[in-house]
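# Topology and contacts: notes
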Amino acid sequence: MPNVGKSTVFNSLTRVYAEAQNYPFTTIEPNLGVAVVPDERLGALASAVGSRRAVPVTVDFVDIAGLVKGASEGEGLGNQFLGHIRECEAIAHVVRCFTDENVAHVHEGVDPAGDIETVNTELLLADLATVERRLERTGRAAKSGEKKLVEEAKVLERLRDHLSNGNPARTFGDREPVEETVATLITAKSTLYVANVDESSLAEGDSYSAEVEKLAEREGAEAVRLSAKLETEISELPEAEAKEYLEMLGVESTGFEQFIRASYRLLDLITFFTANEKECQARTLRNGSTARTAAGKVHTDMEHGFIAAEVGNWKDIVDAGGWAKAREGAKVHLEGRDYVVKDGDVLLIRFNA
Ligand SMILES: Nc1nc2c(ncn2[C@@H]2O[C@H](COP(=O)(O)OP(=O)(O)OP(=O)(O)O)[C@@H](O)[C@H]2O)c(=O)[nH]1
Ligand SMILES: [Mg+2]
């Protein structure tokens, strides 16, 4: 939705300072930014290992224009920029929950559930058009009687009905024959609802944020509560002062930290580390991935020539005071390609170049 605080959230996450103004459709061209994922383990590990450089995980964000009712028929800025969403791995759907009579709402007023429905309807309509085009083609081809195509057309019909009934593609089950089509759909993407609340509702939430949380749960999505306005103020404060301020408000972490944590849950990610004298780097990995896949995150040569990995928990290495001492204390174990990497593991990969 326009004017709900997307660019304000984006700015506080990435410090890019995209234009955020009190009128709808401030953003037309997408803003691109990179956010650094805060992780206390990284600095500690880097100094234990003696790395000259610490490289955190980063997340690329794209701040886009708002969608209004009828966007699929050209209302507002239309839905031409849905392409920007298609290129992303996940969606953070910012929902206005703050009350401020100075900030105009493009529809009737603060109505989180209504806003979510409006935006999701537009996304569903776009997906529906994709599925219908696909169905038309497959249906025609299925006239040949080829079993695979007939089956595919049947599942596509079921998918069309699923979307028509207002359900996101992400909750569509038994989709194997149409997996490729589903992968192109916007509503198949992992979604994080961001309830942009008043400062005073940050700690306990309110009826508006409760609406968002309820809807997210029903859809198998995640929800976080933050105040974009507060987030902006905090991002400009020194760390200690920011902490004090948060405590005063009765919250433990910044909205951004919650946002990142929720994204990790949503995308089922873990963090592992690689560390040598040159650099110590935090990296993300899909939960359940093997050491060989992790090696591929560092370099494809490491994946192809993978021999083994020395693995230690970051805390053990920090406590021991580096790799050599951790090895001496038997805190490092040698693992093969199928070892399932755990959050907080530090990997030293041996490979054939
Ligand atoms: N009171 C209050 N105002 C906010 C909050 N977040 C954003 N705003 C204000 O709302 C207006 C719109 O914010 P933007 O960040 O530009 O909203 P947007 O969703 O990017 O808007 P478009 O790009 O036009 O779609 C600005 O005047 C912001 O200062 C908030 O948490 N509380
Ligand atoms: Mg904007």
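Sequence positions are assigned chain by chain, starting from 1 and proceeding in written order. The order in which chains are written sets their letters, starting at A; the order in which ligands are written sets their numbers, starting at 1. Restriction of local features to residues with pLDDT of at least 70 applies here, the model being predicted, together with a cutoff of 80 or more for giving and counting side-chain atom pairs; totals for whole chains, interfaces and linings are based on all residues. Note that water and hydrogens are dropped before the side-chain values are worked out from all heavy atoms of the structure.

Below, the discussion takes up the overall build of the protein chain. We count a stretch as a helix when DSSP gives it H or I for four or more residues in a row; a strand needs E for two or more, and each element gets its number in order from the N terminus. Tallying secondary structure elements over the protein chain gives 14 helices and 11 strands in all. Expressed as lengths along the three principal axes of its C-alpha atoms, the size of the protein chain is roughly 65 × 60 × 30 Å. Counting across all 353 residues of the protein chain, residues that qualify as buried make up 47%. In this analysis, two residues are considered to be in contact whenever any of their non-hydrogen atoms come within 4.5 Å of each other. Considering only contacts in the protein chain between residues 6 or more positions apart, those separated by 24 or more positions represent 66%. Accessible surface for the protein chain amounts to roughly 18,300 Å². Of this, 47% is attributable to carbon and sulfur atoms. The convention is simple: Lys and Arg are positive, Asp and Glu are negative, and His and the chain ends are not counted. Each charge is placed at NZ for Lys, CZ for Arg, CG for Asp and CD for Glu. Mean positive and mean negative side-chain charge positions of the protein chain (40 and 60 charges, respectively) differ by 8 Å. Throughout this description, buried means an accessible area under 20% of the type-specific maximum (1.4 Å probe, protein chains only), exposed means over 50%, and partly exposed covers the range between. For the area figures, the Shrake-Rupley method with a 1.4 Å probe applies, and any residue is considered shielded solely by the protein chains shown.

We now examine the domain arrangement of the protein chain. Bear in mind that the domain bounds are from an automatic or database domain assignment. Looking at the protein chain, the domain boundaries give domain 1 (6-36 + 60-117 + 188-266), domain 2 (124-185) and domain 3 (269-351). On a C-alpha basis, the centroid separation for the pair domain 2 and domain 3 is 41 Å.

Another point: the pattern of salt bridges. Take a side-chain nitrogen of Lys or Arg and a carboxyl oxygen of Asp or Glu: if they are within 4 Å of each other, that pair is a salt bridge. Within this structure, the stated rule accounts for 14 salt bridges. In this structure, the salt-bridge partner of D343 is R41, at a minimum N-O distance of 3.0 Å. Of this pair, D343 sits in the loop between β10 (333-335) and β11 (345-351) while R41 sits in helix α2 (residues 40-49), and the two are 302 residues apart along the sequence. The closest approach of N and O atoms between R134 and E152, which form a salt bridge, is 3.7 Å. Placement of R134 in helix α4 (residues 112-142) and of E152 in helix α5 (residues 147-164) is noted, with a sequence separation of 18 residues between them. Classification of E152 as buried rests on a relative accessible area of 10%. In this structure, a network of salt bridges that share partners links the residues D39, R41 and D343.

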